[in-house]
Amino acid sequence: MRDVYVGGIGITTFTRLEYPLSEIAAYPAMMALKDAGIRDVDHLYVANMGSARVNHQTALASAVVDSLSLTPAGAAVIENGPASGASALKAGFAAVASGLHDVVLVSGAERMREVNNLEATDFVATLTHPLAEYIYGVTLPSHAAMFTRLYMEKYGLTERHLAMVAVKNQNNAMLNEFAHLHQPITIEGILDSPEAMTNNPYVAEPLRFFDACPVSDGGAAVILVSDDVAKTIDRPLIRLAGVGQATDTHAVHEREEPTDLLAVRRAAAQSFEMAGLRPEDVDVAELHDAFTILEIVESEEVGFFPKGEGHVALEKGETAIDGSLPINPSGGLKGKGHPVGATGVAQAHEIVTQLRGEAGDRQVDGPQVGFTCNFGGFGNNVVCLTFVREGR
Amino acid sequence: MIRDIYAYRCRKCGRLHYPFRMVCKECRQNDFFDFDLVPLPKTGKLLTFTKVYNLPAEFEVPTLGLGIVELENGLRITGQLEVDDPRIGMAVRGEVKPVRKSAYDTFYGMVFRAG
Ligand SMILES: [Zn+2]
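Please read all numbers here as calculations on a predicted model, not as lab measurements.

Moving on, we come to the coordination of the zinc ion. Residues and elements named next belong to chain B. Coordination sphere of the zinc ion, protein contribution only: Cys10 (SG), Cys13 (SG), Cys24 (SG) and Cys27 (SG), at 2.3 Å. In this structure, the zinc ion is coordinated by four donor atoms arranged in tetrahedral fashion, with angles at the metal of 103 to 115°. Expressed as a motif, the donor residue spacing for the zinc ion is C-x2-C-x10-C-x2-C. Taken together, the positions of cysteine 13 in the loop between β1 (6-10) and β2 (16-17) and cysteine 24 in the loop between β2 and β3 (35-39) put the pair eleven residues apart, joining distant regions of the chain. Using a relative accessible area of 36% as the deciding quantity, one classes cysteine 13 as partly exposed.

Given below as structure tokens:
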């Protein structure tokens, strides 16, 4: 395999965007091309989950490649649920590593605010098992809630730990101009005060409103290039050094140990193995905190902390921007937002920004190795990426 | 009328599955539809649960109970829960009833009560 580098990156603000979906995909792609200082690409991947259902548009990549005047370059959509973004990066990685292409543009985009929140939740719920889950009214919040209850029972995690994730990530988002939520919150306000039950009602017990990410529109893009092309680009050299992906049962109740997220464990291990690195080598990570519980559990399953001890590391401040292993300095899905198809690409965008040392007020101190976990389904399709800053 | 939900027993190795899958997770030796249908037991214990407040529009109720139940034969099933004060490990009994209605269809599934 050839080495694969990040040539350029781009992102939109995550919020409600009143633009056509194709523009939400094309804009960050333009930014990434400008960032890399290149005009030509061999192939475009667009990561998106809901264009057909939510936006009444199919074959999005064909629209975007033409809008960017990149024809006759190849183009295709990667739809892989909430893991679409990192799955598209994996496809781009494979294309460059194999020698098939030298420059692959990956753009993730979603426009979910075109429908109301309940319809958006129902749209995402269509990834659940149609007969064994969806018909009952199972949604992603209900999966996360049932999982959280088991975790609380087994590992002594409390609502306070979940609230600590929300506070950390929304405060990190305050430092990110592209983040959806610019709303500082406190444990007092969402848990302890008399108003907390009104401010922060249950969504699916034991999860509350502030345990869930917002519904966002947005796009993010990353250009992957070969070694030869990377040499011609005058930007810090960041290598996509490890790519891992694993799947698990579609119906969540079929998993042998219901508090495990095996696909996270396996995808992370694969990514680290390819990179020749270990979890303890990571300096900054973006984990898929669609719900606060997920940041804690993923931080264990990828190998940063022992199983059942992620909440202890959180309590000690280890995952804060100035901690020993900062997690979600961008604000994560919780604070930055979660336009589903864009999320995996946006995680990579943040890690590249951090490794370049260009993250401004939320810059982690001198990171060399960065890691992302993009969690699809309720943990049934997970992609983990490891990025390394090289000399220059 | 008593309705059932079925588990699928692999004809090659005997492993039970719910829901249906094309190839047995245990032996992976099946030809097309190599399974026998076995009605799922109706009783078991509650493994985990939630009460959901924000429901898709077709659910004309303010909240909905959902749970995962470990049935007496060891298989698990996700279902609706009509229990006032659910607790992990409590005994529950299921009944197959309408669980979701769309404009065109009524879907049947397992609804659990204490017992
Ligand atoms: Zn078998």
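Residue and element names in this part refer to chain A. Residue position: serine 87 is located in helix α4 (residues 84-98). Assessed through its relative accessible area of 9%, serine 87 is described here as buried. Ignoring sequence-local partners within four residues, the contact set of serine 87 consists of Ile78, Asn80, Gln245 and Val383.

All names here are of chain A. Where helix α7 (residues 159-173) contacts helix α12 (residues 292-301), the two axes come as close as 8 Å, and the packing angle between them is 95°. Regarding the angle of α7 to α12, the classification is roughly perpendicular. Residues His161, Leu162, Val165, Ala166, Lys168 and Asn169 of α7 form the contact with α12, whose own contacting residues are Thr292, Ile293, Glu295 and Ile296. Broken down by class, the residue content of the contact of α7 with α12 amounts to five nonpolar, three polar and two charged.

All names here are of chain B. When its domains are assigned, chain B resolves into domain 1 (6-39) and domain 2 (43-114). Computed from C-alpha coordinates alone, the two centres of domain 1 and domain 2 are separated by 24 Å. Counting residues at the interface gives four residues for domain 1, matched by four residues for domain 2. Around 310 Å² of area is buried between domain 1 and domain 2 when both sides are counted, 72% of it from carbon and sulfur atoms. Among the residues of domain 1 in contact with domain 2, Ala7, Leu16 and Tyr18 are the three that bury the most area, contributing 95% of the side total. Inspection of the region where domain 1 meets domain 2 yields zero salt bridges. In this assembly, domain 1 and domain 2 are joined by zero residue pairs in polar contact (both at pLDDT 80 or more). Residue composition of the side of domain 1 that touches domain 2, grouped by class: three nonpolar, one polar and no charged.

Rules used throughout
Residues numbered from 1 in each chain as written. Chains lettered and ligands numbered in written order. Predicted model: local features only at pLDDT ≥ 70, side-chain atom pairs only at ≥ 80, totals over all residues. Heavy atoms only, no water. Donors = N, O, S within 2.8 Å, 3.2 Å for Na, K, Ca; no water. Tetrahedral: all angles 85-135°; square planar, octahedral: opposite > 155°, others 65-115°. Helix = DSSP H or I, 4+ residues; strand = E, 2+ residues; numbered from the N terminus. Buried < 20%, exposed > 50% of the residue type's maximum accessible area, 1.4 Å probe, protein only. Contact = heavy atoms within 4.5 Å. Axes fitted to C-alpha atoms, helices over the stretch in contact; angles between N-to-C directions. Parallel < 35°, antiparallel > 145°, perpendicular 65-115°, else oblique. Nonpolar A, V, L, I, M, F, W, Y, C, P; charged D, E, K, R; others polar. Domains from an automatic or database assignment. Buried area = accessible area lost by both parts, 1.4 Å probe. Salt bridge = Lys/Arg side-chain N within 4 Å of Asp/Glu carboxyl O. Polar contact = N/O pair within 3.5 Å; in protein donor to acceptor, adjacent residues only side chain to side chain.

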